[in-house]
Amino acid sequence: MTVSTVATWVVVIGGLLLLCKPVGIYLYRVFTFQPTLLDRPMKPLENGIFRVLHVTRDSNMSAVEYGVAFVLTNLVWGIMAYTLLRIQGILPFNPEHFGNLNAGLSFNTAASFVTNTNWQAYSGENTMSYFSQFAVLQFLQFVTPASGAAAGLAFVRGLSGRQLGNFFVDLTLVLTRVLLPLAVLFGLAFVALGVPDTLAPYLHVHTLAGQSQVIPRGPIAGWEAIEHLGQNGGGFTGANSANPLENPSALTNILQSLAMGLVPVAFFYMFGLFTGKKRLAWTLIAVAGTLFLTMLAMIYFPESAGNPIVNALGLSGHANMVGKELRFGMGGTSIFETSTMAFTTGSVASAQDSFLPISSLAFFLGMFLNMVFGGKGVGLLNMLMFVILTIFLMGLMVGRTPEFLGKKIEAKEVSLTSVAFLLHPLLILVGSALAVATPAGLAGVFNPGPHGLSEILYGFTSGAANNGSAMGGLGASLPFYELAIGIVMIIGRYASVVAMLLVGESLLHKKAVPQTSGTMRTDTPLFWGVLLGSIVILNALTFFPVMALGPLAEHYLLVAHHVFG
Amino acid sequence: MLLTLKRAVIVTVLLWIMLALGFTFVLVGLGQVFFPYQANGSVVTVQGRPIAARHVGQYFGNRLQYFWGRPSATVSLTTGKPQPYNALNSAPSNEGPTNAVLLHDIQRRIARYLHTTPGLTVGQIPVSLVESSGSGLDPDITVQSALIQVPRVAKYTGLRPARLRQLVRSQVLPPDLGVFGPSRINVVLLNVALYQLLHPQSAAQ
């Protein structure tokens, strides 16, 4: 392991650990309406918004009202995005004169950005006007993660015995107090480090080698900031953060990795403050952290060892550099890839399709679990879903009524949680089966052999997990995938959030039971082990067969130097 | 329900003004005031002519007298045919590790280096020099990747190998802040320096 790798990992992982407490405290103060540093500049702005909306900070909604507000607001954004993309050609800020998008791509893109997936069946630099980039897609990269965070907040309030709060208040505060200030800071840092931020048209140059080159520009730095702070992951250009225009140095790469994890990890700590169970929060952080480090190792070591088939050629060095950029180093590339899969960002600093099979397995792991911190709010929802399932399973083993945070977990909560849990594999496996069984689906495969199956699986997993990265070879712009993955993204996002909101409310209305010696403790190393074990077992049972046909089969064939022609 | 829908529309309009317009224009403004060079794409000029963006790689493989960058898998937007370093269509090759095409491409690139460079052996060629990048626009190569090209560049420019090795060493970019990322060579900047060595009048201006 090189000095650069160690330094990079220490900065990113250490930074996230050090910041999770102060940021978590800040979040807690903001969402319990206590005074914070940004009151003075932001309060007048917020008061203006609330006055126009006729809501007050302390108003509350029921779970159904909250869910309806969440879904309706998202619907408004979806319709707005679809419409603006369809008429892009007549809108301003279009120096490269890009035309309207067709219906299929507009639907897929609107669904993708509204569900915070940011799957892209296009390349921004040759499809989207500056207006579409900053006023449609970048706008959605602000508001959709904020709405996900709001839903997570409501659930946390319910669990901690508080009223759920008001969706519009939470949405506004996540933006004015968290995402907007951070985006300005990170955006400025990105410009300083070489990311363009301009409304000037593309740059035309004549190269020393006698060719012409057109270099895209645009308001890229601001985009990069919110793309990563919101765990969005939609790239300004096709190559996303592999493109030197978006991610020009090892430092910007580190900042983008940090930006992805900053708020999701702090959300876990905030949960501890809300419920008064800080040790439980650290236990959950330890569970997600263990999985994070596992993924990092699963990516770094195989990629550093390289592709055995290529190594047999006898070149100098043996890292797998296919689809990777030199400037990040292997340590930088692997921490970025781990972050993007753990925090479900879906931005990429290299080509997912060209990674070795064990690294792909780590990518799948992040998206299957969807709670290795996950996106802010939503990742915590998924983690708590596994906590409830684990407590239920342990209750079954010892023959007691399971309890969590002093509330009995009963048939209703377990049913709703199971729906939320089973939905994910259902979407992934049924979607992939459909693709494999139809000529329309198979037409999208790029690489031969088991890797082709991985490409299809990756597409549906990415959609269902609202991750948005792709094994880029897959024909994402084929109508079959535009439609199928579009639908998967929508169901994956809303059904599970609404189910978990209902769980939160149901727990809120239960009478608290006193903690006794028979109560299962959830803040101990034992629970860390049990939770980790159940997460791994539940997911292995679900996904092992299909992993055996994809990445695992490919791994053993690779070791045997088998090539597909 | 209707009231919620109305609120959803109103909040969207207000947030849009704040985030789509406010944030974008304020940041573009700050960037143009404080970091105008970076904000406008870090343009590299030779004799007052823009010839490159500092961070975006360019294709030199058509000229034997220049240093070559990493392979690029970008294609033309109109024909779909290979067009290396097409910044309008950034993309990787997406070739998987067991794909025969990947192996074939690597072998073809090795053969080209061996064919054009006097005295070069396979064991000297860094793997990153024959494997294509993630964006197709990677501006950098390793120091060794530049040094092994010196015999070819010397042959086609008439410059002494020792002078070229000195040039390469003068262009080494250290890791960010001394520790983050590898030492590397920006091929565009290296070739600009080479051009100025060959055309002393261009460097003077």
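Here the structure is a predicted model, which means the values were calculated and not measured. (Residues numbered from 1 in each chain as written. Chains lettered and ligands numbered in written order. Predicted model: local features only at pLDDT ≥ 70, side-chain atom pairs only at ≥ 80, totals over all residues.)

Considering the overall build of chain B
Consideration 1: Of regular secondary structure, chain B possesses nine helices and five strands.
Consideration 2: Element order for chain B, N to C, with α for helix and β for strand: α-α-β-β-α-α-β-α-α-α-β-β-α-α.
Consideration 3: Relative to its length of 205 residues, chain B is extended, with a C-alpha radius of gyration of 22 Å against a globular reference of 17 Å.
Consideration 4: Judged by the C-alpha coordinates and their principal axes, chain B covers about 80 × 50 × 40 Å.
Consideration 5: A sequence separation of at least 24 residues applies to 54% of the contacts in chain B between residues at least 6 apart. (Helix = DSSP H or I, 4+ residues; strand = E, 2+ residues; numbered from the N terminus. Rg over C-alpha atoms; globule rule 2.2 N^0.38 Å. Contact = placed C-beta atoms within 7 Å.)

Here we look at the overall build of chain A
Consideration 1: Looking only at helices and strands, one finds 18 helices and four strands in chain A.
Consideration 2: Along the first, second and third principal axes, the C-alpha set of chain A runs to 75 × 60 × 50 Å.
Consideration 3: The burial tally for chain A puts 61% of its 565 residues in the buried class.
Consideration 4: Excluding contacts between residues fewer than 6 apart, the proportion of contacts in chain A whose partners are at least 24 apart in sequence is 79%. (Buried ≥ 20, exposed ≤ 12 C-beta atoms within 10 Å, placed from the backbone.)

Focus: the packing of helix 5 (residues 130-159) of chain A against helix 6 (residues 167-192) of chain A
Residues and elements named next belong to chain A.
Consideration 1: Where helix 5 meets helix 6, the axes come as close as 8 Å, and the angle between the chain directions of the two elements is 120°. The angle between helix 5 and helix 6 falls in the class oblique. Crossing angle aside, the handedness with which helix 5 passes helix 6 is right-handed. Packed against helix 5, whose contacting residues are Phe 142, Ala 146, Ser 147, Ala 149, Ala 150 and Leu 153, the element helix 6 presents Phe 167, Asp 170, Leu 171, Val 174, Leu 175 and Leu 179 at the interface.
Consideration 2: Of the residues assigned to the contact of helix 5 with helix 6, the class counts are 10 nonpolar, one polar and one charged. (Axes fitted to C-alpha atoms, helices over the stretch in contact; angles between N-to-C directions. Parallel < 35°, antiparallel > 145°, perpendicular 65-115°, else oblique. Left-handed = near helix turned anticlockwise from the far one by under 90°. Nonpolar A, V, L, I, M, F, W, Y, C, P; charged D, E, K, R; others polar.)

A short note on the domain arrangement of chain B
One frequent convention defines the size of an interface as the accessible area lost when the parts assemble.
Consideration 1: Segmenting chain B into domains produces domain 1 (1-40) and domain 2 (42-204).
Consideration 2: Computed over C-alpha atoms, the centres of domain 1 of chain B and domain 2 of chain B are 39 Å apart. (Domains from an automatic or database assignment.)

Observations concerning helix 3 (residues 63-86) of chain A
Consideration 1: For helix 3 of chain A, which comprises 24 residues, the first-to-last C-alpha distance of 34 Å matches the rise-based estimate of 34 Å (1.5 Å per residue) to within 8%.
Consideration 2: Regarding helix 3 of chain A, the residues found buried are Ala 63, Tyr 66, Gly 67, Ala 69, Phe 70, Thr 73, Asn 74, Trp 77, Ala 81, Leu 84 and Leu 85 of chain A.
Consideration 3: Looking at the packing, one finds that the buried side of helix 3 of chain A touches helix 4 (103-114), helix 5, helix 6 and helix 17 (479-508) of chain A together with helix 1 (2-34) of chain B. (Expected span 1.5 Å × (residues − 1).)

Notes on helix 6 of chain A
All names here are of chain A.
Consideration 1: Over its 26 residues, helix 6 extends 36 Å from the first C-alpha to the last, a length consistent with the 38 Å expected when each residue adds 1.5 Å.
Consideration 2: Summarising burial for helix 6: 19 of the 26 residues are buried, a large majority.
Consideration 3: Positive backbone phi, approximately 110°, marks Gly 194, located one or two places after helix 6.

Here's the deal with the sheet that holds strand 5 (residues 184-186) of chain B
Residue and element names in this part refer to chain B.
Consideration 1: In spatial order, the strands read 3-5-4; together these three strands make up an open sheet with antiparallel pairing. Here the strands that pair on one side only, and so sit at the sheet edges, are strand 3 (140-141) and strand 4 (172-173).
Consideration 2: Pairing of strand 4 with strand 5 involves two bridges; the strand directions are antiparallel. From the neighbouring strand, Val 172 faces strand 5, where its bridge partner is Ile 185.
Consideration 3: The sheet strands contacting helix 8 (residues 187-198) are strand 3 and strand 5, and the helix crosses strand 5 at an angle near 65°. (Pairing = 2+ DSSP bridges.)

Brief notes about the environment of Glu 131 of chain B
Consideration 1: The residue Glu 131 of chain B is located in the loop between helix 4 (127-130) and strand 3 in this model.
Consideration 2: For Glu 131 of chain B, a count of 26 C-beta atoms within 10 Å translates into the label buried.
Consideration 3: Residues Glu 131 of chain B and Pro 71 of chain B, spaced 60 residues apart in sequence, show a C-alpha to C-alpha distance of 6.2 Å.
Consideration 4: Beyond its immediate sequence surroundings of up to four residues, Glu 131 of chain B is in contact with Met 321 and Val 322 of chain A together with Pro 71 and Ile 106 of chain B.

Comments concerning the nonpolar core
Consideration 1: Ranked by internal contacts, the top residues of the largest apolar core, which has 233 residues, are Leu 179, Ala 266, Phe 268, Ala 288, Met 295 and Leu 501 of chain A.
Consideration 2: In this structure, this core is formed jointly by two domains, domain 1 (1-40) and domain 2 (42-204) of chain B, each of which donates at least three residues.
Consideration 3: The residues contacting Phe 268 of chain A, other than those within four sequence positions of it, are Ala 281, Leu 284, Ile 285, Phe 373 and Leu 380 of chain A. (Core = buried A, V, L, I, M, F, W, Y, C linked by C-beta atoms within 7 Å.)

Points about the pairing of strand 1 (residues 43-46) of chain B
Residues and elements named next belong to chain B.
Consideration 1: Sheet topology places strand 1 next to strand 2 (residues 49-53); four bridges connect them, and they run antiparallel. Residue pairing for strand 2: Thr 45 is matched across the bridge by Pro 50.
Consideration 2: Where strand 1 hands over to strand 2, the hairpin turn is made up of two residues, of which Gln 47 adopts a positive phi near 50°.

Overview of the interface of chain A and chain B
Consideration 1: Counting residues at the interface gives 106 residues for chain A, matched by 92 residues for chain B.
Consideration 2: Top contributing element to the side of chain A that touches chain B by residue count: helix 6 of chain A, with 10 residues.
Consideration 3: When grouped by side-chain class, the residues that make up the side of chain A that touches chain B number 63 nonpolar, 35 polar and eight charged.

A closer look at the confidence of the model for chain B
Consideration 1: This prediction gives chain B a mean pLDDT of 96; 99% of its residues lie at or above 70.
Consideration 2: Our summary of model confidence lists the complex with pTM equal to 0.96 and ipTM equal to 0.97. (pLDDT = per-residue confidence, 0-100.)

Structural notes on unusual backbone geometry
Residues and elements named next belong to chain A.
Consideration 1: Despite not being glycine, Phe 33 shows a phi value in the positive range, around 60°.
Consideration 2: The class for Phe 33 is exposed, based on 12 C-beta atoms found within 10 Å.
Consideration 3: One non-glycine residue, Phe 93, lies in positive phi territory at about 50°.
Consideration 4: Mapped onto the secondary structure, Phe 93 falls in the loop between helix 3 and helix 4.
Consideration 5: Judged by local crowding, Phe 93 falls into the partly exposed class, with 15 C-beta atoms found within 10 Å.

Things to note about the environment of Lys 21 of chain A
Consideration 1: Turning to its location among the elements, Lys 21 of chain A is positioned in helix 1 (residues 3-31).
Consideration 2: Put simply, Lys 21 of chain A and Phe 268 of chain A are 247 residues apart on the chain and 9.5 Å apart in space, counted from C-alpha to C-alpha.

Section: the environment of Thr 344 of chain A
All names here are of chain A.
Consideration 1: Relative to the elements of secondary structure, Thr 344 occurs in the loop between helix 11 (329-342) and helix 12 (357-369).
Consideration 2: Of the residues examined, Thr 344 has 34 C-beta atoms within 10 Å and is grouped as buried.
Consideration 3: Between the C-alpha atom of Thr 344 and that of Gly 230, which follows or precedes it by 114 residues, the distance is 9.9 Å.
Consideration 4: Once residues within four sequence positions are removed from consideration, Thr 344 is found in contact with Gln 231, Asn 370, Gly 374, Gly 375, Gly 379, Ala 465, Asn 466 and Asn 467.

Things to note about the pairing of strand 1 (residues 203-206) of chain A
All names here are of chain A.
Consideration 1: Burial along strand 1 is one-sided: Leu 203 and Val 205 are buried, while His 204 and His 206, pointing the other way, are not.
Consideration 2: In terms of strand pairing, strand 1 meets strand 2 (residues 212-215) through four bridges, oriented antiparallel. Residue pairing across strands places His 206 opposite Ser 212, the latter belonging to strand 2.
Consideration 3: Remark: five residues form the turn of the hairpin made by strand 1 and strand 2, two consecutive strands paired antiparallel; Gly 210 in that turn has positive phi of roughly 80°.

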